[in-house]
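# A look at the structure
Letter by letter, the chains look like this.
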Amino acid sequence: MYQYDEYDQKIVEERAKQFGGQVDRRMSGSIEELEFKPLRLQNGLYMQLHAYMLRVAIPYGLLSSKQLRMLAHIARTYDKSYGHFTTRQNLQYNWPALENVPKILECLASVQMHAIQTSGNCVRNVTSDHFAGVAADELEDPRPWAELIRQWSTFHPEFAALPRKFKIAVGASPAEDRAAVRFHDIGVFVTENERGERGFEVLVGGGMGRTPHIAPVIGKFVARQDLLSYLEAVLRVYNAYGRRDNIYKARIKILVHALGVEAFRAKVEEEWLQIKDGPLQLTETEIARVVNDFAPPAYEKLPAATALLSSFVLGKDRALGRFVKNNVATHKQPGYVAVTVSLKERDIPPGDMTDYQMDRFAELADRFSFAELRVTHTQNLVLADVKASDLPALHSELAALGLATPNANKITDLIACPGLDYCALANARSIPVALEIMQRFEDIDYQNDLGEISVKISGCINACGHHHVGHIGILGIDKQGEEFYQLMLGGAPGHDASIGEILGRAFPRTEIVPAMEKVLAHYLAVRQAPDERFIDVVRRTGLAPFKEAVYGPAPGSQKKPAQETVHADH
Amino acid sequence: MRIIKNARTGVDRSAQARIEDDAWSHVADDAEVPAQGDVIVGLARYRELRATFAKRAGKVGVRVHSNQEAKELADLTAELPLIAIEFPNFKDGRGYTTARLLRERFAFKGELRAIGDVMRDQLFYMTRCGFDAFELKSTKSLDEALGAFSEYSVTYQGAADDPRPLFRRRAQAVR
Ligand code: HEM
Ligand code: SF4
């Protein structure tokens, strides 16, 4: 992984020191909260409902075991012994005391980490594919590009006060987009032109929030050396013309939409032509320096893992079999696999991990995966370089830690935002709904029968829980002070991106999960084959039949209250 | 009024940052321009009275709002001794882009001054974008604010103060 040199190191150390000064000035009263707010925000320090929350950047989700041990240490020493992995591949601490934050930043700096620009109206932590570097379907490893973007965007002097926050994701796999690239302010795909040259497709103006947008392509083919100048041109146009009069209309998606794709592209290209051949043009030396840090680890030469994997899947150890079937992905390197470690255990809020689990997990990364791990945007962890023959040993270690839930991409592998339990903007709680779903659908055979399905829950329209792109989305709303939930179907975050549609009227807290059960029962009843996924059925039939299954026949035909609906042919 | 000034380029600008008495005065858009003294006027006024200003005793600089773009000043950068860019509030970062373009694209060599909601913690970014004079919103801790220029010794990007991004400087340091 990328190793800081003396420059990178100096920046994170100076940041810790600077923030220490800012906190001192705040604590002594020499600056007001109003002035302190933008400072702490650029450092990932939010005021939540009960306390401050500190968001630590995990660039493109990659961590060393040493870094994870430090995260465990911080959780133990300065927080309530756990951390929360987020959908942006970051880690959040929910209870740090303000006066300890500078110390936490020093701890982070000592392992080449920071909390820079994890909040505020600036370029945020860059995200990428959690199987980057090991996926058989990728053109190349996207992480060196993500790292180059991280460096370019860190303390960028011109873009420190953008109209709104700005999120960039990088992907490199034409077959599958595992990083929801199309839902970012800028999405970058590594691509190849007709001449076989590598470059980038640059998409601009995706996002979720109250007005979800799938990003259109702005730069059709941007040459490798021009990546940063192209991004700089996009940001400059946004900084100059993005709306600042209304925070709900301030994201770049609104600007792209208002100008139209052609006019927006024209503005970007006009600016870009002025800077394209300037000093921001990447040098081969720099590209090579960064690419070199992502060189593959020292793999052993092994036979292909296929036979071994199917022997596990069909073997006597059913727990191992289920785990291998659901949580193990193929790998570029023969004999190796990538293992998804689910943080969606029953009764635990999605994404939470204790200090003890982190420490033990760091040992497993040392033993089984070249001392590295990844955080996924679905709030799980990945050990990306595991020998297939190590799977039984790894599985039993994970099981002992409560980290062997075999539910990757299944219905209980859901995403939920913090919701009303933590968040001041929330309309409704998310976590209790998530926990109820995990209990209700615990039976793994039922989960396997349902197949690949994603549930995403947000406690309000800001969509931190990505409800727009869940195959099933759940959105908390407020009805006369009571928590209600809207059910949405048909969203997808990948290359086949789509935005979910609202099924019908919202449900009170006690009825949302039963309504979901009706949706699922209908799916099982009408799918044409076991491998016709939930999302495929929604796309094939549209929402109407699901609506009828949940709310009863449409008005006009016989009226029946939703409660009493029974499923035909089930 | 006392303001902060700094050198425009050079690595160790923290050593050159200083507090000075301001020789300039702002003339509001609806106020009369005094016959003498160095004044800062709005862009529209400047264009209107440009010919008479050429003969005036005392220098005239221009003030622009955050929604006015660098290119609106393109024909004036050679003659103006001072351009002041207003930050109506710290969240409005358009002035950073305006500043960089004035320096890097339109070759403005005079004093570039940040005015409005300017606080200590923006100074480092501002100096990188080409500002060399700063009217802080509050002048109560100017001495302390000078410290802002030395908080970082490394920067990744090229900007108005040094066009080379770190990757070009890195390469030169090795050689
Ligand atoms: C609890 C404190 C939180 C608050 C107050 C908060 C606030 C917000 C707001 C206001 C937006 C809408 C921004 C916009 O559209 O301009 C937003 C979007 C978002 N937040 Fe949060 N959030 C919180 C926690 C989280 C957490 C824990 C995560 C990750 C798990 C997260 C991930 C996101 C994502 C992915 C978006 C959508 C970005 C987009 O629109 O493209 N947020 N958040
Ligand atoms: S979606 Fe709403 S409730 Fe959930 S974390 Fe974001 S702002 Fe809070």
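Quick summary incoming for the structure in this document. (Residues numbered from 1 in each chain as written. Chains lettered and ligands numbered in written order. Predicted model: local features only at pLDDT ≥ 70, side-chain atom pairs only at ≥ 80, totals over all residues. Heavy atoms only, no water.)

### Observations regarding the overall build of chain B
Along the backbone of chain B there are 5 helices and 8 strands. Helices (α) and strands (β) of chain B occur, in sequence order from the N terminus, as β-β-β-β-α-β-β-α-β-α-β-α-α. The C-alpha radius of gyration computed for chain B amounts to 17 Å, which stays within 12% of the reference 16 Å derived for 175 residues, consistent with globular compactness. Projecting the C-alpha coordinates of chain B onto the three principal axes gives extents of approximately 55 × 35 × 30 Å. Each of the 175 residues in chain B was classed as buried or not, and the buried ones make up 57%. Here the analysis covers contacts within chain B between residues at least 6 apart in sequence; of these, 50% occur between residues at least 24 apart. For chain B, the exposed surface amounts to about 7,800 Å²; the carbon and sulfur share of it is 50%. For chain B, the distance from the average site of its 29 positive side-chain charges to the average site of its 26 negative ones is 6 Å. (Helix = DSSP H or I, 4+ residues; strand = E, 2+ residues; numbered from the N terminus. Rg over C-alpha atoms; globule rule 2.2 N^0.38 Å. Buried < 20%, exposed > 50% of the residue type's maximum accessible area, 1.4 Å probe, protein only. Contact = heavy atoms within 4.5 Å. Areas by Shrake-Rupley, 256 points an atom, 1.4 Å probe, with all protein chains shown as cover. Lys, Arg positive; Asp, Glu negative; His and termini not counted. Charge placed at Lys NZ, Arg CZ, Asp CG, Glu CD.)

### Overview of the overall build of chain A
Tallying secondary structure elements over chain A gives 18 helices and 21 strands in all. For a compact globule of 570 residues, the expected C-alpha radius of gyration is about 25 Å, and chain A comes in at 24 Å, within 12% of that figure. With respect to the three principal axes, the spread of C-alpha positions in chain A is 70 × 60 × 60 Å. Scored against the burial criterion, the 570 residues of chain A give a buried share of 62%. Sequence separation of at least 24 residues holds for 67% of the intrachain contacts in chain A that already meet a minimum separation of 6.

### Structural notes on the side chain of Glu372 of chain A
All names here are of chain A. Of note, Glu372 is situated in strand E14 (residues 372–375). One buried charged side chain, Glu372, makes no salt bridge at all; its nearest oppositely charged neighbour is Arg143, positioned 4.8 Å away. Here the side chain of Glu372 touches Met1 through a polar contact of 3.4 Å, landing on its backbone nitrogen. Those residues within four positions of Glu372 in sequence are excluded, and the remaining contacts are Met1, Leu62, Leu63, Ser64, Ala365 and Leu383. (Salt bridge = Lys/Arg side-chain N within 4 Å of Asp/Glu carboxyl O. Polar contact = N/O pair within 3.5 Å; in protein donor to acceptor, adjacent residues only side chain to side chain.)

### Brief notes about the site of ligand 2
Lining the immediate environment of ligand 2, one finds Cys417, Pro418, Gly419, Cys423, Leu425, Ala426, Ser458, Gly459, Cys460, Asn462, Ala463 and Cys464 of chain A. Looking at the shell around ligand 2 residue by residue, the class counts come to 8 nonpolar, 4 polar and no charged. (Near = heavy atom within 4 Å. Nonpolar A, V, L, I, M, F, W, Y, C, P; charged D, E, K, R; others polar.)

### Some words on the coordination of the iron atom of ligand 1
You will see that the iron atom of ligand 1 has only one donor from the protein, Cys464 of chain A (SG), lying 2.1 Å away. Examined against the element boundaries, Cys464 of chain A turns out to sit in the loop between strand E17 (455–458) and strand E18 (472–479). (Donors = N, O, S within 2.8 Å, 3.2 Å for Na, K, Ca; no water.)

### What to know about the pairing of E18 of chain A
Residue and element names in this part refer to chain A. Among the 8 residues of E18, 6 are classified as buried, and the element is accordingly described as predominantly covered. Examined bridge by bridge, E17 and E18 share 4 bridges and lie parallel to one another. What sits directly across from Ser458, in E18, is Leu475. Here E18 hands over to strand E19 (residues 482–489) after 2 residues, with Gln480 in that stretch at a positive phi of 45 degrees. (Pairing = 2+ DSSP bridges.)

### Observations regarding the packing of aromatic side chains
All names here are of chain A. Tallying each qualifying case throughout the model produces 20 aromatic pairs over all chains. Ring geometry for Tyr60 and Phe294: centres 5.9 Å apart, planes at 65 degrees, overall edge-to-face. Taken as a pair, Tyr60 in the loop between strand E2 (52–56) and strand E3 (62–64) and Phe294 in the loop between helix H9 (284–293) and helix H10 (306–314) lie far apart in primary sequence, 234 residues in all. Note on Tyr60: relative accessible area 5%, which makes it buried. The ring centre of Trp95 lies 3.8 Å from the NZ or CZ of Lys80, which sits over that ring. Above the plane of the ring of Tyr248 lies Arg210, whose end atom (NZ or CZ) is 3.7 Å from the centre. (Phe/Tyr/Trp six-rings, centres within 6.5 Å; stacked < 30°, edge-to-face > 60°. Lys NZ or Arg CZ within 6 Å of the ring centre and 35° of its normal.)

### Looking at the environment of Ser454 of chain A
All names here are of chain A. Counting through the fold element by element, Ser454 comes out in the loop between helix H15 (444–450) and E17. For Ser454, a relative accessible area of 14% puts it in the buried group. If we skip the residues at most four places from it in the chain, Ser454 touches Val469, Gly470, His471 and Ile472.

### Quick look at helix H18 (residues 544–551) of chain A
All names here are of chain A. Within H18, the full set of buried residues consists of Phe546, Ala549, Val550 and Tyr551. On its buried face, H18 is in contact with E19, strand E21 (507–508), helix H16 (509–526) and helix H17 (534–541). Backbone geometry just after H18 places Gly552 at a positive phi near 90 degrees.

### Quick word on the sheet that holds strand E11 (residues 328–329) of chain A
Residues and elements named next belong to chain A. Pairing is antiparallel in the open sheet, where 5 strands are placed in the order E3-E14-E15-E12-E11. The open sheet has two free edges, formed respectively by E3 and E11, since each of these has just one partner strand. Sheet topology note: the E11/strand E12 (residues 336–341) ladder contains 2 bridges and is antiparallel. Bridge pairing in E12 places Ala329 opposite Ala338.

### Focus: the interface of chain A and chain B
One widely used convention gives an interface's size as the accessible area the parts lose upon coming together. Each partner contributes residues to the interface: chain A has 48 residues there, and chain B has 34 residues. Of the roughly 3,600 Å² buried at the junction of chain A and chain B (both faces included), carbon and sulfur atoms supply 54%. Where chain A touches chain B, the interface holds 8 salt bridges. Salt-bridge contacts for Glu271 of chain A lead to Arg105 of chain B; the nearest nitrogen and oxygen are separated by 2.7 Å. On inspection of chain A and its partner chain B, the count reaches 23 residue pairs in polar contact (both at pLDDT 80 or more). Breaking the side of chain A that touches chain B down by element, the ones donating at least two residues are helix H1 (6–27), helix H2 (33–41), helix H5 (143–153), helix H6 (227–241), helix H8 (261–275) and H9 of chain A. In terms of residue count, the dominant contributor to the side of chain A that touches chain B is H1 of chain A (9 residues). Residue composition of the side of chain A that touches chain B, by class: 20 nonpolar, 13 polar and 15 charged. (Buried area = accessible area lost by both parts, 1.4 Å probe.)

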